[in-house]
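Given next are the chains, with one letter for each unit.
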Amino acid sequence: MRQDKPREKCGIFGVYGKGFEAARLVHPGLWALQHRGQESSGIASSDGKQIFVHKGMGLVSAVFTEDDLKKLKGFMAIGHNRYSTSGDSKIEHAQPVIEKLKNGQLIALAHNGNLPSTQKLKEFLSEKKVQINGANDSEMIAKAIAFYMGQELSLEGAVKKAYPLFTGVFCLLIMEKGKIVAVRDSFGIRPLCLGKLNGGFIVASESCALDIIGAKFIRDIRPAEMIVVDKNGIKSIQLEKGKEKLDVFEFVYFARPDSILMGKSVDEVRQNLGVELAKEFKVKADVVVPVPDSGIPAALGFSRESGIPFYPGLIKNRYIHRTFIMPEQHIRNQGVRLKLNPLKHILKGKTVVLIDDSVVRGTTLKQIIDMIKGAGAKKVYFLISSPPVKYPDFYGVDTPRQKDLIAARKTVKEIEKEIGVSALHYLSYEGLLKAVGISEDRLCTSCFTGRYPVDIGERAKEIKQID
């Protein structure tokens, strides 16, 4: 079954603290960020003298054993969960990226995001006679930083010098043997936050990862800000003027519901999306059912506003991952049933409001609707707690080409007919902004509007504006 959701970018987590077994703090931090990448995972650590690294394909639970963690010595470490957005899904591209300097020392780099155009980086590295050899965007970033460190610059000096070459979206953690640097792109499209634990400092993609190790949230790292943590403490350097444009899809789908973004509870925003949906679409129905898990908060909000009872009418098998072994051929076309199973006593004879947070390809919609009808539902209304996704992402999210986005090629009426529902309703763009409660000029809404705040370079020719 193809995933009918935009797939996340990556999750990064860094720890610095004298006396810490840092890798043992990064490990649970990566567990908390597993939703941001499930293809590979890795940790690089340092004891102040050398860098140790372990990485592998698969989930955090599959990559690290007790013996692996014992070998990751030191009071500082960075970790990474990857979903491939640039470069193939294979061990060679697992992160942290390790790059050797001229003096034989190593640096480690973890990257969340994507550079839609790597032309500047390629030209720079080629001019400096640095071998690329099929490197992806993250690896080229590491090579550029390593080059400048080879010119006798400090790690933070090298990052500052190389920063203009990074034409795209990035949250970076870079570590040398005695220092960690965190840096965020000038639009802050991907989240990154700073925390504190027992005199040490933590950097994480989301605040939920701070909670799991008992760290205190300090603040979001600002767009175009570089944080340097070393034996002298912590300092902040503003690399250029930033303009915050957090991807609104972090609120809609990507971030964990227990995270705080831009001062807002993600779960509360998602419930608000359901409230706005109920205000826009008045309906008489017997039950509100979410597509688990991502549709649950919006369904709760819709139920509260509409007065229609909420029930979990679809049960999710939580032990099926994207990498599960292909089933026996006679059930291969029943992929949705491997993940979801209907509760007939809740659905039979009922008019159902089915709620999900977003639809991308629409490949599994008909199977879900047929499953609910097969359980005896009398009528199904399908509501989506975000506007139509009409444009692909170029900022570190795996969305398909525009021609494969169902909302870019079909009208609402055509989709209704295709999937067999009584009505389909997307939340309006205005309803989305009202539910989020943050002004439009501080958000990236490119998947809905086609307005890309960070120049997508040569990729612009792939986009067709849709009314």
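Enquirer: What's the story with helix 5 (residues 137-149) in this structure? I'm lost.
Expert: An α-helix turns once per 3.6 residues; consequently, residues spaced three or four apart project the same way. For helix 5, which comprises 13 residues, the first-to-last C-alpha distance of 19 Å matches the rise-based estimate of 18 Å (1.5 Å per residue) to within 8%. Most of helix 5 sits inside the fold, with 13 of its 13 residues counted as buried. Between the side-chain oxygen at the start of helix 5 and the backbone nitrogen of Ser138 there is a gap of 3.2 Å, and the oxygen is on Asn136.

Enquirer: What am I meant to see in the state of the cysteines here?
Expert: Here, the word disulfide means a covalent bond between the sulfur atoms of two cysteines. Scanning all chains against the criterion turns up zero disulfides. Cys193 supplies the cysteine sulfur nearest to Cys208, a cysteine that is in no disulfide, at a spacing of 8.4 Å. For the unlinked cysteine Cys444, the closest cysteine sulfur is that of Cys447, found at 7.2 Å. Classification of Cys444 as buried rests on a relative accessible area of 1%.

Enquirer: Any chance you could explain unusual backbone geometry here in plain terms?
Expert: Peptide bonds are trans in most cases, and residues, glycine excluded, mostly fall at negative phi. Residues Gln95 and Pro96 are joined by a peptide bond in cis, for which omega reads 5 degrees. For Pro96, the position within the fold is in the loop between strand 4 (76-82) and strand 5 (97-100). Cis geometry is found at the peptide bond from Pro292 to Asp293, where omega equals -5 degrees. With respect to the helices, strands and loops of the structure, Asp293 is situated in the loop between strand 17 (287-290) and helix 10 (296-306). Unusually for a residue other than glycine, Glu152 sits at a positive phi of about 70 degrees. Tracing the backbone shows Glu152 in the loop between helix 5 and helix 6 (155-162). With a phi angle near 50 degrees, Met262 is a residue other than glycine that sits in the positive phi range. Tracing the chain through its elements places Met262 in the loop between strand 15 (260-261) and strand 16 (264-265). Given the relative accessible area of 15%, Met262 is considered buried.

Calculation criteria
Residues numbered from 1 in each chain as written. Predicted model: local features only at pLDDT ≥ 70, side-chain atom pairs only at ≥ 80, totals over all residues. Heavy atoms only, no water. Helix = DSSP H or I, 4+ residues; strand = E, 2+ residues; numbered from the N terminus. Expected span 1.5 Å × (residues − 1). Buried < 20%, exposed > 50% of the residue type's maximum accessible area, 1.4 Å probe, protein only. Polar contact = N/O pair within 3.5 Å; in protein donor to acceptor, adjacent residues only side chain to side chain. Disulfide = S-S within 2.5 Å.

Geometric values such as these leave the question of function open.
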